[in-house]
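Chains, contacts and geometry: an overview
What follows is each chain in one-letter form.
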Amino acid sequence: MTWDQTPGTALVTGASSGIGAEYARQLAERGWDLALVARRAERLTALADRLREHTGAAVETLVADLARPADLARVEARAADDDVTLLVNNAGINGYGPFAEVDADLLTKVLHVNVVVPTVLARAAVPGMLARGRGTVVNVASLLAFAGDLAPGPLPHRAVYGGTKGYLVTFTRTLAAELAGTPLHVQVVCPGLTATEFHLTSGDVPVPGAERVHDDGGMAASDVVTASLAALDSGEAVCVPGLREAAAVDRLAAAELALREGSGRSLSPRYRTVAPSDIGG
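Heads up: these notes are all about the structure in this document. Just so we're clear, the structure is a prediction, and the values are computed from it rather than from any experiment. (Residues numbered from 1 in each chain as written. Predicted model: local features only at pLDDT ≥ 70, side-chain atom pairs only at ≥ 80, totals over all residues. Heavy atoms only, no water.)

1. Let's talk about helix α2 (residues 41–55)
Just so we agree on the cut-off: Strands are runs of DSSP state E lasting at least two residues, helices are runs of H or I lasting at least four, and both sets are numbered from the N terminus onward. For a helix, the expected span equals 1.5 Å multiplied by the number of residues minus one. Exposed residues in this analysis have more than 50% of their type's maximum accessible area, buried residues have under 20%, and partly exposed residues fall in between, with area computed by a 1.4 Å probe over protein chains only. In this description, one arc is meant: the one made by directions from the helix axis to the C-beta atoms.
Under the 1.5 Å per step criterion, the end-to-end length of α2 is 21 Å for 15 residues, consistent within 8% with the ideal 21 Å. Restricting attention to buried positions, one finds in α2 the residues Arg43, Leu44, Leu47, Ala48 and Leu51. The arc that holds every buried residue of α2, seen down its axis, measures 125°, which confines them to one face. Those residues of α2 that are exposed and aimed more than 90 degrees away from the buried face are Glu42 and Glu53.

2. Remarks on unusual backbone geometry
Each neighbour pair has its own omega, and for Gly153 with Pro154 the value is 10°, a cis peptide bond. Considering the arrangement of structural elements, one finds Pro154 in the loop between β5 (135–140) and α5 (159–178).

3. Topic: the nonpolar core
Inclusion rule: Within this scheme, the nonpolar core is defined by two criteria: the residues are buried Ala, Val, Leu, Ile, Met, Phe, Trp, Tyr or Cys, and they are joined through side-chain atoms within 4.5 Å. Throughout, a contact is declared for two residues whenever any of their heavy atoms are within 4.5 Å.
In this structure, Val12, Tyr23, Leu27, Leu34, Leu36, Leu51 and Leu86 are the most contacted members of the largest nonpolar core, which totals 32 residues. Listing elements by their share of this core, those giving two or more residues are β1 (9–13), α1 (18–29), β2 (33–38), α2, β4 (84–89), β5 and α6 (221–233). The contact partners of Leu34, leaving out residues within four places of it in the chain, are Thr9, Ala10, Ala24, Leu27, Ala28, Leu51, Ala58, Val59 and Glu60. Grouped together as the second largest cluster of nonpolar side chains are 26 residues, Val126, Leu175, Ala176 and Leu184 included.

4. As for the pairing of β1
Filter applied, for reference: Place the viewer so that the strands point away; then a crossover is right-handed whenever the path from the first strand over the helix to the second strand goes clockwise.
Taken across its five residues, β1 has five buried, putting it largely inside the fold. Across the two faces of β1 the burial is the same, with Thr9, Leu11 and Thr13 and Ala10 and Val12 all buried. In this region the chain leaves β1, passes through α1 and returns to the parallel neighbour β2; the handedness of that crossover is right-handed.

5. Some details on the pattern of salt bridges
Note the following rule: A side-chain nitrogen of Lys or Arg and a carboxyl oxygen of Asp or Glu constitute a salt bridge if their distance falls within 4 Å.
Taken as a whole, this structure holds twelve salt bridges when the rule is applied. Notably, a salt bridge pairs Arg134 with Asp4, separated by 3.3 Å at the nearest N-O pair. With Arg134 in the loop between α4 (104–132) and β5 and Asp4 in the segment before β1, this residue pair connects regions lying 130 residues apart in the sequence. Residue class for Arg134 comes out buried when judged on its relative accessible area of 17%. Note that Glu60 and Arg78 form a salt bridge whose closest N and O atoms lie 3.0 Å from each other. Within this pair, whereas Glu60 is found in strand β3 (residues 59–63), its partner Arg78 is found in helix α3 (residues 69–79), the two being separated by 18 residues in sequence. Under the relative-accessibility criterion, Arg78 is labelled buried at 12%. One network of salt bridges, in which partners are shared, links Glu60, Arg78, Asp81 and Asp83.

The structure is reproduced here in structure tokens:
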């Protein structure tokens, strides 16, 4: 099922730069009102002013550090409001570095922002969307969700970050299957390297000053969002911007099915006759 494109209010996290800011721009141009969430008040205010002036959209700003429980609670309450018909879970931090060397508190923050926050906000938004018969949730993951067997170089040290993005892919696909047949649509976006400021900080503190782009290149944030919205238009639950062969996603699902169907063949015959709950461990 494709998403309901009738403009309402879109709540976008991580909206002060990069992909989040681009979602805000493109949605405002499509006639959506916005509730924008980010840590940097000055950036949010400037973006909101530009969007109001150029599109006429109603733009609300929520300055919040989603790693803080009190701030998350405020945004959670906003996500549950009746006017929110699109939730874009874009906020994320990387915590890149060798697993044995990265500060443990930073890795906990990565888990919270990348896993707990999108789950909590989706849980806040979805019941009301179901009751109203309309709603869309977009979770921004990463192509690194599919790179678990690749060592660092040139890819970053990313054991926890990659794991969190793998969670978002599985969470979104499973939720999409659960909601099949309802008016809701759920999508996960898995961009590769994108020309933003994401790599300029590990996530413990926001990038100061005006918006910048890292030196590593990559796809334009505008192209990532254009691909995401086009995939929503065509009803795709998994969007990999720039993917040359769309059938690759279908092959992934087929490979998973083969693993599931073949998984019992290595078990002892006595385990094949009992319920999984009867197997210890």
